[in-house]
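# Geometric and topological summary
Here are the chains, one letter per residue:
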Amino acid sequence: MNSFSNQIKQKPWLGWLLFLATLVVVFIIGLLASSIMERRSEAAYAFTPQVQYDQFEPRNDIWGKNFPMEFQSYKKTSDTLFRSKYNGSAMIDMLEVDPRLVVLWAGYGFSKDYYQGRGHSYAVEDIRNTLRTGAPMEGGKSPMPNTCWSCKSPDVPRLMNEMGAAEFYRGTWETRGTEIVNSIGCGDCHDAATMELQISRPALKEAFERIGKNNTNASHQEMRSLVCAQCHVEYYFSKSVVEDVPYLTFPWDNGFSVEAMEDYYDDIAFADWTHKLSRAPMLKAQHPDYEIYMTGVHASRGVSCADCHMPFMSEGGQKYTDHHIQSPLNNVANSCQVCHREETDQLIKDVYERQDRIIENRDKLEELLVRCHVEAKLAWDLGAAEGQMTAILQDIRHAQWRWDYAASSHGGSFHSPVEISRVIGTGINIAQEGRIKLSRLLYSLGHTGEVPYPNISSKAEAQAFIGMDAATLKAEKEQFLQTVIPDWDRQAAEREADYPVKSLFD
Ligand code: HEC
Ligand code: HEC
Ligand code: HEC
Ligand code: HEC
């Protein structure tokens, strides 16, 4: 066999050729590396501030003048076209999709209307539109407190800075209508001077302080989830922090699990409302996205919310963080394939499979809960005594809390499928135990047959079944939107015209 060194001995020019070729390759690699470095430093120094403003500047377009890439991508949160199998950015009427919800929330605002969440730029519009905030006109009051504004706008930290958190929460929702007009944005997550991530909401800091954690020690990667945990969490309005103030509080003192938060609420005998049919003291889970995510495999591998919901993008050689926060299934290439080598179809299938399997059991739990409420109402109607109902109502409270904890976090079935399956499993078990007690009680009260399942195949039928007059609520809301809202916006624009924004190029 003619070895390579032999060949070179026979034809010396081959050696020189090899040497020259190596030189050329090294030169090209060098060029490439220097061009990459240049691009990197371009990306870092592309920032030329156009305007100067302070931390409490609530208008996203003002910050956007300095950071056009981030602002342009933020604006895409107003896109409502993308729909995945169960989520996405469209405004889906969840009570129409699943009329059982109307019965589960009977006597509570969510039975009036409940839409699937959409992009951040709609936060203010949607809280104005929902029937849950009512139609406070001509001195009338909203059924909701100002605390409801807490996760909607960078006007919130601005006002808290002026008056303190407790004073901000005080009073009914319409009293801050002229002040809170800018949807979720830059000031909610960023320090204006350094653009570092920061926590702007006291409720998160206070919750960590109570469990002896200090969020200022959080790592950069943890902050990429904690900025979301300011809002995407379970919370309630505590009446024991400051008198007469519904104080925004996260129930984390015993931990994040469904049982730990249930114990917390049971210990202080807290109820969000009394169920209209069963009279059970109910808990409404909000959206424990952060808590559920923390129990999943991605969190335990250090993957943050921003890794999937705010991936890095590259445009014209500039790298930036995508501020179009949305379902990652609309951008699997940047969201998942940074870490996973599977095809897009396979990754989407993985998500849907987890969701399908969980929703199968979640629907069963919903049906059981509807039956619980209807059967409990019959027991009251037949003359059941308070003492006979206590244990049953506690079962209904606990079973529905588990259902809501699993259902109200729209990403939970993917963020932590095993934990969510477990939560629904325990919910089914508790609901069945409640129904066994109910059937014994109903028997002792003289009722032997099955209690018929209500006819609730549409939202309208379900609302009629619980005795709600949705048409009047809607008409009042329409009038509120036409008369009060333009006035709020006009007053806000006048106030904002005086804000200190300085152009750096005059
Ligand atoms: C919900 C929280 C949140 C909001 C709201 C938000 N950002 Fe960001 N922003 C982030 C996160 C997370 C990063 C990534 C930071 C990191 O890893 O260092 C980021 C990064 C940035 C950066 C650093 C450069 C880059 O692209 O990575 C800039 C500049 C920025 N954001 C501007 C803005 C502007 C302007 C707005 C308002 C239009 C805004 N952000 C709103 C969370 C937010
Ligand atoms: C200041 C409170 C707040 C912060 C901070 C916040 N969110 Fe949201 N988020 C909301 C609200 C409110 C909505 C629902 C808006 C609506 O439907 O009008 C929402 C909606 C969403 C949606 C649904 C979007 C769609 O198109 O369906 C996603 C996904 C989301 N947020 C993820 C995040 C992530 C990830 C972070 C952190 C990087 C974050 N959010 C930070 C309040 C917040
Ligand atoms: C920053 C890296 C990273 C990103 C981004 C990421 N993953 Fe993962 N993913 C992981 C790691 C690490 C694991 C754990 C696997 C292991 O350790 O073997 C994992 C596990 C999984 C699993 C199996 C765990 C389970 O729940 O059963 C699925 C499915 C998955 N990822 C899908 C996705 C999808 C879909 C996306 C995009 C929306 C995504 N991942 C984004 C790193 C990532
Ligand atoms: C590993 C990737 C990954 C991580 C990490 C992650 N998510 Fe998600 N998230 C998803 C996927 C996938 C979905 C399901 C989207 C769908 O069904 O269209 C989802 C759904 C959601 C939704 C509902 C979206 C919608 O369209 O209505 C919200 C809100 C959400 N996540 C918030 C968060 C928050 C807050 C965190 C951190 C505490 C987080 N996510 C962490 C991948 C992730």
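The rules behind the values
- Residues numbered from 1 in each chain as written.
- Chains lettered and ligands numbered in written order.
- Predicted model: local features only at pLDDT ≥ 70, side-chain atom pairs only at ≥ 80, totals over all residues.
- Helix = DSSP H or I, 4+ residues; strand = E, 2+ residues; numbered from the N terminus.
- Buried ≥ 20, exposed ≤ 12 C-beta atoms within 10 Å, placed from the backbone.
- Contact = placed C-beta atoms within 7 Å.
- Axes fitted to C-alpha atoms, helices over the stretch in contact; angles between N-to-C directions.
- Parallel < 35°, antiparallel > 145°, perpendicular 65-115°, else oblique.
- Left-handed = near helix turned anticlockwise from the far one by under 90°.
- Nonpolar A, V, L, I, M, F, W, Y, C, P; charged D, E, K, R; others polar.
- Near = placed C-beta within 6 Å.
- Core = buried A, V, L, I, M, F, W, Y, C linked by C-beta atoms within 7 Å.
- Pairing = 2+ DSSP bridges.
- pLDDT = per-residue confidence, 0-100.

### Brief notes about the overall build of the protein
Along the backbone of the protein there are 23 helices and eight strands. Seen along its three principal axes, the alpha-carbon backbone of the protein occupies a region of about 110 × 70 × 45 Å. By the burial criterion, 38% of the 506 residues in the protein qualify as buried. Sequence separation of at least 24 residues holds for 73% of the intrachain contacts in the protein that already meet a minimum separation of 6.

### Examining the packing of helix 19 (residues 386-407) against helix 21 (residues 417-444)
Contact geometry of helix 19 with helix 21 gives a least axis separation of 8 Å together with a crossing angle of 155°. One finds that helix 19 runs roughly antiparallel with respect to helix 21. Relative to helix 21, helix 19 is oriented so that their crossing is left-handed. Along its contact with helix 19, which presents Q388, A391, I392, D395, I396, H398, A399, R402, W403, Y405 and A406, the element helix 21 presents I420, V423, I424, T426, G427, I430, A431, E433, G434, K437, L438 and L441. Here the contact of helix 19 with helix 21 is composed, by residue class, of 14 nonpolar, five polar and four charged.

### Quick notes on the site of ligand 3
The full set close to ligand 3 counts 16 residues, and R301, P328, C336, C339 and D350 are the nearest of them. For the shell around ligand 3, the elements supplying multiple residues, two or more each, are helix 15 (297-300), helix 16 (305-309) and helix 18 (344-381). Here the shell around ligand 3 gets three residues from one element, more than from any other, and that element is helix 18.

### Considerations on the site of ligand 1
The environment of ligand 1 is made up of 22 residues, and the closest members are E70, C186, C189, Y320 and T321. Among the secondary structure elements, those contributing two or more residues to the shell around ligand 1 are helix 3 (60-66), helix 4 (68-75), helix 10 (186-189), helix 12 (220-229) and strand 7 (318-321).

### Observations regarding the packing of helix 18 against helix 21
The contact between helix 18 and helix 21 brings their axes to 9 Å, and the two run at 25°. By the angle between their directions, the pair helix 18 and helix 21 is classed as roughly parallel. Considering how the two elements wind past one another, helix 18 and helix 21 form a crossing that is left-handed. Residues belonging to the contact of helix 18 with helix 21 are distributed by class as follows: 16 nonpolar, five polar and six charged.

### Quick notes on unusual backbone geometry
The backbone of M195 sits at a positive phi, close to 65°, despite the residue not being glycine. Following the sequence through the fold, M195 ends up in the loop between helix 10 and helix 11 (202-210).

### With respect to the environment of R158
Within the secondary structure, R158 is located in helix 8 (residues 155-163). A C-alpha to C-alpha distance of 39 Å links R158 and V351, two positions 193 residues apart in sequence. For R158, the residues in contact, after removing those within four places along its chain, are F56 and P58.

### Structural notes on helix 8
Residues of helix 8 that are buried include every one of D155, V156, P157, R158 and L159, and no others. Buried-residue contacts for helix 8 involve helix 9 (165-169) and helix 10.

### Let's talk about the nonpolar core
Ranked by size, the top nonpolar core spans 90 residues in total, and within it V102, L369 and A376 carry the most contacts. With 10 residues, the single largest contributor to this core is helix 19. Excluding its chain neighbours within four sequence positions, the residues that come into contact with A376 are L277, S278, A280, M389, I392, I396 and L438. By size, the runner-up hydrophobic cluster in this structure holds five residues, among which are L329, V332, C336 and F414.

### Regarding the pairing of strand 7
Two faces make up the sheet, and in a regular strand the side chains alternate between them. The pairing of strand 6 (residues 312-315) with strand 7 spans four bridges and is classified as antiparallel. Note that in strand 7 the partner of F312 across the bridge is T321. Between the end of strand 6 and the start of strand 7, which pair antiparallel, lie two residues, with G316 showing a positive phi angle near 50°.

### Concerning the environment of S238
Within the secondary structure layout, S238 lies in strand 2 (residues 236-238). Take S238: there are 19 C-beta atoms within 10 Å of it, and that puts it in the partly exposed class. Note: C-alpha distance between S238 and P202 (36 residues apart in sequence) is 14 Å.

### With respect to the environment of W63
Among the secondary structure elements, W63 is positioned in helix 3. C-beta crowding within 10 Å serves as the criterion here: with 22 such atoms nearby, W63 is assigned to the buried category. As a C-alpha pair, W63 and G187 span 124 residues in sequence and 8.7 Å in three-dimensional space. Dropping the residues within four chain positions of it, W63 is found in contact with E57, F71 and C186.

### Section: the confidence of the model for the protein
Per-chain confidence: the protein averages 93 in pLDDT, with 96% of residues scoring 70 or above. When the criterion is pLDDT under 50, residues 39-43 qualifies, and its contacts beyond four places in sequence or with other chains add up to four contacts.

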